[in-house]
Amino acid sequence: MTEFIAPPCKEKISILYQDEYILLINKPSGLLSLSGKNPLNKDSVHFRLVQDFPTATLVHRLDFGTSGIMLVALNKSVNGLLTKQFQEKTIVKYYHATLYGHASKALEDSAVINAAISKDTENFPFMKICPETGKTALSEIEIIERTYLQAFADGKSNLTPVTRVRFKPITGRTHQLRIHSQYIGHPILGCDLYCNEDSQALAPRLLLHASNLSFTHPVTFEPFEIKCEVPF
């Protein structure tokens, strides 16, 4: 695969919350979390933030196509405290997504997708489901709505079945929600890596959004919860 060059992202980062220790931001889809080695991939969440917040460091990342909440530390000690919360799995994240097709009735109530993930060494940057060599990967999935998307092809209008869901990743593997969606037969619309012949073309972006984040403030120790409206 040729090296990925990110197209220009004109959308701005919006700040959802700010104090002297942390930022909570809404990352737009189509923006890297960190700058790449290639100078053409310099634009990123971190690159933009340090223009106004020189000490800002990312505590976690979102994939290029994913939008939504990111937690940013404004000094090293705060970064360490927040990183510890991630490691101890006390930070809770929810994502909203739109999947291709109508999900099985087996997923009517909250279910857990349990499928180990490993690197696909022969097909970078893909990951793969691999029970033998993969690391444990768990994703809670809750069906919100089975509906239809109006799509146009060959000059005709078609209604395509889609499912709106809410994910709670229990583990944090690379590409976890995208590959788990494909694994259950319902890839996320707009995904360029884990897709079928129709799902990628049905949306102009990856329809995955980090919508909710709960954690303990690293300095005040107050419970903190923030929401970010789903843009699709």
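Our structure is the block above this text.
Overview of the structure. This is a predicted model, so every value here is computed, not measured.

What counts and what doesn't
Residues numbered from 1 in each chain as written. Predicted model: local features only at pLDDT ≥ 70, side-chain atom pairs only at ≥ 80, totals over all residues. Heavy atoms only, no water. Helix = DSSP H or I, 4+ residues; strand = E, 2+ residues; numbered from the N terminus. Buried < 20%, exposed > 50% of the residue type's maximum accessible area, 1.4 Å probe, protein only. Polar contact = N/O pair within 3.5 Å; in protein donor to acceptor, adjacent residues only side chain to side chain. Contact = heavy atoms within 4.5 Å. Core = buried A, V, L, I, M, F, W, Y, C linked by side-chain atoms within 4.5 Å. Patch = residues over 30% accessible without salt bridge, like charges linked within 9 Å, V, L, I, M, F, W, Y side chains within 5 Å. Areas by Shrake-Rupley, 256 points an atom, 1.4 Å probe, with all protein chains shown as cover. Salt bridge = Lys/Arg side-chain N within 4 Å of Asp/Glu carboxyl O. Lys, Arg positive; Asp, Glu negative; His and termini not counted. Charge placed at Lys NZ, Arg CZ, Asp CG, Glu CD. Phe/Tyr/Trp six-rings, centres within 6.5 Å; stacked < 30°, edge-to-face > 60°. Lys NZ or Arg CZ within 6 Å of the ring centre and 35° of its normal.

In this section: the side chain of H209. Here H209 lies in strand β11 (residues 208-216). A relative accessible area of 1% means that H209 is categorised as buried. A polar contact is formed between the side chain of H209 and the backbone oxygen of C228, at a distance of 3.2 Å. Setting aside residues no more than four positions away along its own chain, H209 makes contact with N26, T66, S67, G68, Y94, Y95, H96, C228, E229, V230, P231 and F232.

So, on to the nonpolar core. In this structure, I25, V45, L49, I141 and F167 are the most contacted members of the largest nonpolar core, which totals 41 residues. Look past the residues within four positions of I25 in its chain and what remains in contact with it is I13, S14, I15, L16, V45, L49, G68, I69, M70 and V72. If you look at the next biggest cluster of nonpolar residues, it comprises 14 residues, including I69, L213, F215 and C228.

Taken together, the side chains of K89, K119, K135 and R173 present a region of like positive charge at the surface. Summarising the element assignment, K119 is placed in strand β7 (residues 117-119). On the basis of relative accessible area, K119 is assigned to the exposed category, the value being 65%.

Further remarks concern helix α3 (residues 176-183). By the criterion of burial, α3 is predominantly enclosed, with six of the eight residues buried. Looking one or two places after α3, you find G185, whose phi comes out positive at around 90°.

Let us look at unusual backbone geometry. Between F124 and the following residue, P125, the backbone shows a cis peptide bond with an omega angle of 5°. Relative to the helices and strands, P125 is located in the loop between β7 and β8 (127-129). Phi is positive for K89, close to 60°, though the residue is something other than glycine. Topologically, K89 is positioned in the loop between α2 (76-87) and β5 (92-100). Even without being glycine, F221 reaches a positive phi, approximately 65°. Its location among the elements puts F221 in the loop between β11 and β12 (223-227).

Relative to the helices and strands, Q176 is located in helix α3. Residue classification places Q176 among the buried residues on the basis of a relative accessible area of 3%. Put simply, Q176 and A115 are 61 residues apart on the chain and 9.4 Å apart in space, counted from C-alpha to C-alpha.

Further remarks concern the packing of aromatic side chains. Taken as a whole and judged by the stated rule, the model has four aromatic pairs. With 5.0 Å between their ring centres and 75° between their planes, F4 and F64 make a pair best called edge-to-face. Highlighted residues: F4 in the segment before β1 (14-18) and F64 in the loop between β3 (57-58) and β4 (67-73), separated in sequence by 60 residues. Note on F64: relative accessible area 24%, which makes it partly exposed. With 5.7 Å between their ring centres and 80° between their planes, F126 and Y194 make a pair best called edge-to-face. Residue F126 is located in the loop between β7 and β8, and its partner Y194 is located in the loop between α3 and β11; the two are separated by 68 residues in the primary sequence. Take Y194: its relative accessible area is 2%, and that puts it in the buried class. Members of the aromatic cluster, connected to one another through ring pairs, are Y17, F215 and F224. In this structure, R166 is placed above the aromatic ring of Y94, and the distance from its NZ or CZ to the ring centre is 4.0 Å.

A few words now on the environment of S157. Structurally, the position occupied by S157 is in strand β10 (residues 156-169). Residue S157 is classed as partly exposed on the basis of its relative accessible area of 40%. With near-sequence residues (within four places) excluded, S157 lies in contact with Q150, A151 and F152.

The next subject is the pattern of salt bridges. What the rule picks out here adds up to five salt bridges. Across the pair R48 and D43 runs a salt bridge, and its minimum N-O distance is 2.9 Å. Overall, the relative accessible area of 21% leaves R48 in the partly exposed class. Overall, D43 belongs to the partly exposed group, its relative accessible area being 30%. Among the charged side chains, a network of salt bridges with common partners joins D63, R178 and D192.

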